[in-house]
Amino acid sequence: MKIYRKFFPTVNPTEKDLIYSRRILIIENAVASIIFSIGTSNFLTGYLTQLGASITLCAYVSMIPQLGCVLQIFSPFLFERLKQRKFSIWLLCLFFRLSVSLCFLVPLFADGKNLQLTAVILLYIIGFLSAGFVTPGLTSMVIDIAPQRANGRYFAKRNIIGACVCSLAMPILGKTVDYYISVGRAMQGYLIIGAVCVILTVIDLILIAETYEAPISTTLNMSLKDLILPIKDTHYRPVLLYSVITGLTGGIVAPFLMIYQLYVLNLSHTFITSMGVIASVVGMMGTWFWGKYSERSTWARILIMTTGVSLICTLGWAFVPIGLARIFAPLLMIVTSACAGGAGIASMNLQYESSPQNMKTAYVGITSGLVGIATSISSAIGTSAQSLLEEQIHNYSIPVLFILSGMFGFVNLFVYGGRLIKSK
């Protein structure tokens, strides 16, 4: 009964309960960030290669997280109907985090590289479909719990602490994997990664269960025709259009950054994760700065500024000399990280500001889903193009994709980003 009441309370939380929940969610975000980083980083690429996957297959697998975002279109059909969402969120987080954990433990219960690869890909699909479906509900719950008058500062603090914890954990895990690779026992290193993920999953689920959900005053029974509401909404349309086209331009090269770092620039797991620490520190400073700067600017302007710098970095990856990769790669990682936190906070708040009060989860979910579709389509095109280009220009195939992504991104920034600012 006590466990049941944690998910389905009969009384609304007090302000003290909400303050407690805000602190819990900061810790939960830090734990979840480690699991997410493991599932989408160089660890997965190296692990798949160890199982015999080709570069093309690694690229297709790396598209799965974006493909999972498509389900965000349909998640409001569940979450907008519920007055108490926490149990559904907890269950979907269980599927996501446990599936990612089991990906690295597949060799314990499956024999043969082909069977292992198939099992990993299926678990990865299950995990990120769950992640895509839960994201709008989880984001909405966190925003409802966050202090409304200090929204930017709270999310900046939450992201900074998450990045700090993640930046401490990832180099340790990277060093561990590299050690086992160096002694010819790579698979044992990846099994340790899986065990760490299982432990973190248990901690994360306990933290979500301890959270007090803010009361929801109204529910909404959505129908399929409501899916086009963000498109018809002239106030929200500039945000939607800019976001979708950003997904199209960024998806071209999205599957290849980790592959490029590992197998073209020849950077090790330890180097990538260690440089990630420095990038995360700068990213924390950037998140704090952009969160504070939001108090005297608009989210639209912050989004455009941070995106512009990130696009310069996208172009920069195309011109990194292999011999100087250890100098230029960290620089690009640091600058991108400094802008990423601000862009993420700005995009999220801009979508919430521009959407109707009683349709926020639906609008954000539909937007994320459409962005996921756009990114998946362009990633598939980029992956196919890379395979063809590789036959002609070999290692220069991925730099060509960086250039195309950056150029199209700047067109979107000047054309549709400008409209976004004017509409605000």
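All figures in this text were calculated on a predicted structure; none of them were measured in a lab. (Residues numbered from 1 in each chain as written. Predicted model: local features only at pLDDT ≥ 70, side-chain atom pairs only at ≥ 80, totals over all residues. Heavy atoms only, no water.)

Draft legend 1. Broad picture of the overall build of the protein. Looking only at helices and strands, one finds 18 helices and 0 strands in the protein. For the protein, whose C-alpha radius of gyration is 21 Å, the value lies close to the compact-globule estimate of 22 Å for 424 residues. With respect to the three principal axes, the spread of C-alpha positions in the protein is 60 × 50 × 40 Å. For the protein, the residues scored as buried account for 55% of the 424 residues in total. Just so you have it, the protein exposes about 18700 Å², and 68% of that area is on carbon and sulfur atoms. Considering the protein, the positive charge centre built from 29 side chains and the negative charge centre built from 16 side chains are found 6 Å apart. (Helix = DSSP H or I, 4+ residues; strand = E, 2+ residues; numbered from the N terminus. Rg over C-alpha atoms; globule rule 2.2 N^0.38 Å. Buried < 20%, exposed > 50% of the residue type's maximum accessible area, 1.4 Å probe, protein only. Areas by Shrake-Rupley, 256 points an atom, 1.4 Å probe, with all protein chains shown as cover. Lys, Arg positive; Asp, Glu negative; His and termini not counted. Charge placed at Lys NZ, Arg CZ, Asp CG, Glu CD.)

Draft legend 2. Focus on the layout of surface pockets. Reported here for the second largest pocket is a volume of approximately 370 Å³. Contributing to the lining of the second largest pocket are 20 residues, with Pro9, Val11, Pro13, Tyr212 and Glu213 lying nearest its centre. If you list the elements that add at least two residues to the lining of the second largest pocket, you get α1 (2-7) and α10 (186-210). In terms of residue count, the dominant contributor to the lining of the second largest pocket is α1 (3 residues). (1 Å grid on protein atoms, 1.4 Å probe; cavity = no way out; pocket = protein on both sides within 12 Å on 5 of 7 lines; lining within 4 Å. Points joined across faces, edges and corners; volume = space filled by probe spheres on them.)

Draft legend 3. Local environment of the nonpolar core. Judged by nonpolar contacts, the single largest core of 63 residues is most densely connected at Ile38, Phe43, Leu48, Phe104 and Trp317. Those residues in contact with Phe43 that lie beyond four places of it in its chain are Ile38, Phe104, Met170, Leu173, Gly174, Val177, Tyr190, Ile193, His269 and Thr273. Residues Tyr236, Tyr242, Met359 and Leu413 belong to the second largest nonpolar core, which totals 29 residues. (Core = buried A, V, L, I, M, F, W, Y, C linked by side-chain atoms within 4.5 Å. Contact = heavy atoms within 4.5 Å.)

Draft legend 4. Just the confidence of the model for the protein, in detail. Scored by pLDDT, the protein has a mean of 86; 97% of the residues are at 70 or more. Mean pLDDT across the secondary structure elements of the protein bottoms out at α1, with 78, and peaks at α10, with 95. (pLDDT = per-residue confidence, 0-100.)

Draft legend 5. Focus on the packing of helix α14 (residues 269-293) against helix α16 (residues 325-354). Look at α14 against α16: their axes get within 7 Å of each other, and the N-to-C directions meet at 35 degrees. For the crossing formed where α14 meets α16, the hand is right-handed. Contacts between α14 and α16 involve Phe271, Ile272, Met275, Gly276, Ile278, Ala279, Ser280, Val282, Gly283, Gly286, Thr287 and Trp290 from the first element and Arg326, Pro330, Met333, Ile334, Ser337, Ala338, Cys339, Gly341, Gly342 and Ile345 from the second. Residue composition of the contact of α14 with α16, grouped by class: 13 nonpolar, 8 polar and 1 charged. (Axes fitted to C-alpha atoms, helices over the stretch in contact; angles between N-to-C directions. Left-handed = near helix turned anticlockwise from the far one by under 90°. Nonpolar A, V, L, I, M, F, W, Y, C, P; charged D, E, K, R; others polar.)

Draft legend 6. A look at unusual backbone geometry. Of note in this structure, Asn266 is not a glycine but carries a positive phi near 60 degrees. Within the fold, Asn266 resides in the loop between α13 (257-264) and α14.

Draft legend 7. Examining the pattern of salt bridges more closely. Taken as a whole and assessed by the stated rule, the structure comprises 4 salt bridges. Its salt-bridge partner being Arg97, residue Glu28 comes within 3.2 Å of it at the nearest N-O pair. Of the two residues, Glu28 is situated in helix α2 (residues 15-40) and Arg97 in helix α7 (residues 86-103); the sequence distance between them amounts to 69 residues. Arg97 matches Glu28 in its accessibility class, with the two residues each being buried. Its salt-bridge partner being Arg97, residue Asp204 comes within 2.4 Å of it at the nearest N-O pair. Of the two residues, Asp204 sits in helix α10 while Arg97 sits in helix α7, which places them 107 residues apart along the sequence. (Salt bridge = Lys/Arg side-chain N within 4 Å of Asp/Glu carboxyl O.)

Draft legend 8. Seen up close, a nonpolar patch on the surface. Where nonpolar side chains cluster on the molecular surface, the patch consists of Leu324, Ile327, Phe328 and Leu331 and spans about 370 Å² of accessible area. Here Phe328 is to be found in helix α16. By relative accessible area, Phe328 is classed as partly exposed at 35%. (Patch = residues over 30% accessible without salt bridge, like charges linked within 9 Å, V, L, I, M, F, W, Y side chains within 5 Å.)

Draft legend 9. Local environment of the packing of helix α12 (residues 237-251) against helix α17 (residues 360-393). Contact geometry of α12 with α17 gives a least axis separation of 7 Å together with a crossing angle of 25 degrees. One way to sum up the angle between α12 and α17 is to call them roughly parallel. By crossing handedness, the relation of α12 to α17 is classed as right-handed. Taking contact as the criterion, the partners of Leu240, Ser243, Val244, Gly247, Leu248 and Gly251 in α12 are, on α17, Thr367, Leu370, Val371, Ala374, Thr375, Ser378 and Ser379. Residues belonging to the contact of α12 with α17 are distributed by class as follows: 6 nonpolar, 7 polar and no charged. (Parallel < 35°, antiparallel > 145°, perpendicular 65-115°, else oblique.)

Draft legend 10. Region of the structure containing the packing of aromatic side chains. For the coordinates displayed, the defined rule picks out 21 aromatic pairs. For the ring pair Phe7 and Trp90, a centre distance of 5.7 Å and an interplane angle of 70 degrees mean the geometry is edge-to-face. Linking Phe7 in helix α1 with Trp90 in helix α7, this pair joins segments that are 83 residues apart in sequence. Across the pair, exposure class does not vary: Phe7 and Trp90 are buried alike. Put simply, the rings of Phe7, Phe8, Phe87 and Trp90 touch in pairs and so form one group of aromatic residues. Lying across the ring of Phe7, Lys86 places its NZ or CZ 5.3 Å from the centre. (Phe/Tyr/Trp six-rings, centres within 6.5 Å; stacked < 30°, edge-to-face > 60°. Lys NZ or Arg CZ within 6 Å of the ring centre and 35° of its normal.)

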